Amino acid sequence: MTCADLERYSSGQTHFWRDMSCLEMPASLPSLPLCLGYYRPSPTAEYTEDSHGGDFDFFSRLVSAWEAAALIPGSPTRGVVVRSGVVLGKGGGAISQMLLPFRLGLGGPLGSGLQPFPWIHIQDLAGIVCHALETESVQGVLNGVSPSSPMTSNATFAQEFAAALGRPALLPVPAWAVRAVFGSERAVMLLEGQKVVPKHTLESGYQFIFPDLSAALRDVVA
């Protein structure tokens, strides 16, 4: 990835939001970058919407550019950015990539499994977006993660996912294999993770449909 890549991505976002600004909307059109990319990976630090980030590697700078492109100068609409965690839903995303090995009893934690795993059910991500659109007092950044995300490790996720499928989670995936499959930059997000807290999201009045991981996974695999 190069600076030219960053410029291309941010330019595309700028054109998208400029095109959308012609719509007559009572509220903003939230941007949805990954909080996994904005906050620096850490096994201990807890990040709220006010925490510093977005400037330590290529992906974090890409997220910052994405967010900046969503704020349209002179627009009458409110600016809202939803920083999403790993989205859990049926028929796509992270679950679709993990479903087969876990159904076969071959799933397990990535690397040590101790790294935080910020997640959100797709219904809650959609709910936060609708909440931001419909609530005039909402503006700025909202973390799109479950309230239980700071207590969720990758190993916990693997165990709960396997339990929802009625399978064991006995085979950890070594870190070198994750790097080989996903590349070094994406592997960092999977092997290190962040504890992300939806502080402003909760303060804005949003009530989560799936705050609990086990219930969210049971719904996804049902």
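Bear in mind that the values here come from a model prediction, so they are computed numbers and not experimental data.

## Quick word on the pairing of strand E5 (residues 140-144)
Right, on to step 1. Buried residues dominate E5, accounting for 4 of its 5 residues.
Right, on to step 2. Examined bridge by bridge, strand E2 (residues 80-84) and E5 share 5 bridges and lie parallel to one another. Within the sheet, the bridge partner assigned to Val-80 lies in E5 and is Gly-140.

## Some points on the environment of Phe-59
Right, on to step 1. With respect to the element layout, Phe-59 can be found in helix H3 (residues 58-70).
Right, on to step 2. As for Phe-59 and Glu-185, which are separated by 126 residues in sequence, their C-alpha atoms are 7.9 Å apart.

## Some details on the packing of helix H4 (residues 93-103) against helix H6 (residues 154-165)
Right, on to step 1. Between H4 and H6, the shortest axis-to-axis distance is 10 Å and the interhelical angle comes to 65 degrees. Overall, the two elements H4 and H6 adopt an arrangement that is roughly perpendicular. You can see that H4 and H6 cross each other, and the crossing is right-handed. Here H4 contributes Ile-95, Met-98, Leu-99, Phe-102 and Arg-103 to the contact with H6, which in turn contributes Phe-157, Ala-158, Phe-161, Ala-162 and Leu-165.

Analysis parameters
Residues numbered from 1 in each chain as written. Predicted model: local features only at pLDDT ≥ 70, side-chain atom pairs only at ≥ 80, totals over all residues. Heavy atoms only, no water. Buried < 20%, exposed > 50% of the residue type's maximum accessible area, 1.4 Å probe, protein only. Helix = DSSP H or I, 4+ residues; strand = E, 2+ residues; numbered from the N terminus. Pairing = 2+ DSSP bridges. Axes fitted to C-alpha atoms, helices over the stretch in contact; angles between N-to-C directions. Parallel < 35°, antiparallel > 145°, perpendicular 65-115°, else oblique. Left-handed = near helix turned anticlockwise from the far one by under 90°. Contact = heavy atoms within 4.5 Å.

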